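Chain by chain, the residues:
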Amino acid sequence: MTVIDDIAAELDQLAIEVPSWAYGNSGTRFKVFATPGTPRTVHEKIADAGMVNRLTGLAPSVALHIPWDRVDDYGSLAAHAGEHGVRLGTINSNTFQDDDYKFGSLTHSDAAVRNKAIDHMYECIEVMNVTGSRDLKIWLADGSNYPGQADMRSRQDWLQESLRKVYDRLGEDQRLVLEYKFFEPAFYHTDVPDWGTSYAHCLQLGEKALVCLDTGHHAPGTNIEFIVAQLIRLGKLGSFDFNSRFYADDDLIVGAADPFQLFRIMAEVVRGGGLDPANGIALMLDQCHNLEEKIPGQIRSVLNVQEMTARALLIDRPALTKAQESGDVLGANALLMDAFYTDVRPGLAAWRESKGLPADPMAAYRESGYQERINTERQGGRQAGWGA
């Protein structure tokens with residue numbers, strides 16, 4: 001018996017979507033470092049994602065980014081994903097790398113530019129129709145750098161008008177998830193800077209519009225787990241973008257900077273029933289592996305989420321509730337800390353072995369020879385980076 005046995009059924013529900021762009025080259029504002037074995041096509045990205053899922057059993061789907069992952073035949077791409085044991089997931093739009101969007105996309109003062117951005121969203125929905133993807137994720141770089149540069153109120157009106165057109169194009173089982181970010185690349189004001197703005201727009205749109213929470217998109221000191229609890233309570237948390245940060249939107253491996261924060265977030269996800277697929281809360285990574293190897297970086301990431309989820313599941317909820325309601329401040333805190341400090345790694349290794357997975361996925365990857373093989377095979381062509 002291990003500490004995992006009592007929570008195995010709930011742990012079995014954990015699924016973490018990996019992003020296609022995590023396998024390509026990305027970097028800081030100063031340099032993108034190329035690495036051997038980097039995918040040259042979206043097909044090779046999916047093959048790498050399949051390797052992560054085979055070793056961890058935690059990553060059954062791959063998010064695409066349009067136009068970075070644009071192909072002529074998305075049905076064929078979906079079949080290719082199936083051959084690698086994964087499926088295609090969230091479709092991420094991109095309205096931040098075109099010159100026309102210098103002053104905004106869905107919030108631009110020029111209706112022609114707004115319509116161009118809307119047409120791009122329509123393209124993404126067409127991809128969803130072919131791939132069977134449920135979610136269209138929208139993150140906007142829209143905003144301004146200087147007071148007086150733009151009319152903030154008008155931009156909110158244009159945003160709602162644009163989102164309404166996109167929302168009305170969604171299929172019956174499709175959703176729009178609106179991501180927020182408090183700053184960058186706009187520095188004076190961002191058009192969707194916080195969960196309240198995203199929530200307000202989603203509430204006005206309807207039940208198929210939900211908020212996407214990126215863990216790195218908050219001001220320092222923000223109580224992210226409170227936002228999680230509130231959005232779950234309101235039925236408006238659609239998805240996560242998991243990563244880690246020291247200063248701003250660092251996009252580091254999830255849990256790297258503050259494992260306790262990840263634990264607290266997952267405690268609220270568990271508390272709100274967020275592991276139940278019926279509640280529709282998608283867990284996804286959104287990271288850039290600038291220095292470390294990309295496939296091991298994704299393996300480490302999904303294992304970090306699994307570990308903190310296991311610890312969150314170990315919280316003695318009846319005892320915690322009793323302590324909270326009786327005003328036992330230190331007792332309540334101790335119950336939370338006992339779960340956090342529980343070493344679940346041996347139990348998770350046994351859980352993996354019971355599923356026919358390697359007890360140590362990181363070691364299994366090193367011993368697989370996969371990295372050496374792709375280093376040799378992936379010669380020539382253009383490496384598939386985030387700006388490609």
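Located above this text is the structure these notes cover.
Throughout what follows, the structure given in this document is the object of discussion.

## Digging into the packing of aromatic side chains
Aromatic ring pairs are reported here in terms of the distance separating the ring centres and the angle at which the planes meet. In the structure shown here, the tally under the stated rule is 12 aromatic pairs. Judged by centre distance (5.3 Å) and plane angle (50°), the ring pair of Phe263 and Phe340 falls under tilted. Within this pair, whereas Phe263 is found in helix 8 (residues 259–271), its partner Phe340 is found in helix 11 (residues 329–340), the two being separated by 77 residues in sequence. In this structure, Phe263 and Phe340 share a single accessibility class: buried. These aromatic residues form a ring-pair network of at least three members: Trp21, Trp68, Phe96 and Trp139. One cation-aromatic arrangement involves Lys116 over Tyr101; the distance from NZ or CZ to the ring centre is 5.5 Å. Lying over the aromatic face of Tyr122, Arg169 brings its terminal NZ or CZ to 3.6 Å of the ring centre.

## Considering the pairing of strand 1 (residues 16–19)
Neither face of strand 1 is open: one carries Ile16 and Val18, the other Glu17 and Pro19, and all of them are buried. Relative to strand 10 (residues 282–285), strand 1 is paired through 2 bridges, and the arrangement is parallel. What sits directly across from Ile16, in strand 10, is Leu283. As paired elements, strand 1 and strand 2 (residues 61–65) share 2 bridges and run parallel to each other.

## Brief notes about helix 13 (residues 361–368)
Among the residues making up helix 13, those that are buried are Pro361, Met362, Ala363, Ala364 and Tyr365. The secondary structure elements touched by the buried residues of helix 13 are helix 2 (42–56), helix 9 (294–313), helix 12 (345–354) and helix 14 (370–377). Taking the backbone nitrogen of Met362 as reference, a side-chain oxygen 3.2 Å away marks Asp360 as the first, capping residue of helix 13. Directly beyond the C-terminal end of helix 13, a positive phi value near 80° is found at Gly369.

## Notes on the sheet that holds strand 1
Note: strands within a sheet are paired through backbone hydrogen bonds, in either parallel or antiparallel orientation. Strand order in the closed barrel formed by 8 strands is 1-2-3-4-6-8-9-10, with parallel pairing between adjacent strands. Each strand axis lies, on average, 30° off the axis of its neighbour in the sheet, ignoring direction. Here strand 3 (residues 87–92) pairs with strand 4 (residues 135–138) via 2 bridges, running parallel. Bridge pairing in strand 4 links Asn92 to Lys137. The strands touched by helix 3 (residues 74–83) within the sheet are strand 2 and strand 3, with strand 3 carrying the most contacts at an inclination of about 130°. Along the sheet, helix 6 (residues 195–205) contacts strand 6 (175–179) and strand 8 (209–214); its crossing angle with strand 8, the most-contacted strand, is approximately 160°.

## Considerations on unusual backbone geometry
With an omega of 20°, the peptide bond running from Ile66 to Pro67 counts as cis. By the element assignment, Pro67 lies in the loop between strand 2 and helix 3. Between Glu184 and Pro185 the backbone carries a cis peptide bond, its omega angle lying at 5°. Along the chain, Pro185 turns up in the loop between strand 6 and strand 7 (189–190). Structurally, Glu184 can be placed in the loop between strand 6 and strand 7. Classification of Glu184 by relative accessible area gives buried; the value is 16%. Notably, Asp251 is not glycine yet its phi reads approximately 55°, a positive angle. Taking relative accessible area as the criterion, Asp251 reaches 12% and is therefore assigned buried.

Thresholds applied
Residues numbered from 1 in each chain as written. Predicted model: local features only at pLDDT ≥ 70, side-chain atom pairs only at ≥ 80, totals over all residues. Heavy atoms only, no water. Phe/Tyr/Trp six-rings, centres within 6.5 Å; stacked < 30°, edge-to-face > 60°. Helix = DSSP H or I, 4+ residues; strand = E, 2+ residues; numbered from the N terminus. Buried < 20%, exposed > 50% of the residue type's maximum accessible area, 1.4 Å probe, protein only. Lys NZ or Arg CZ within 6 Å of the ring centre and 35° of its normal. Pairing = 2+ DSSP bridges. Contact = heavy atoms within 4.5 Å. Polar contact = N/O pair within 3.5 Å; in protein donor to acceptor, adjacent residues only side chain to side chain. Axes fitted to C-alpha atoms, helices over the stretch in contact; angles between N-to-C directions.

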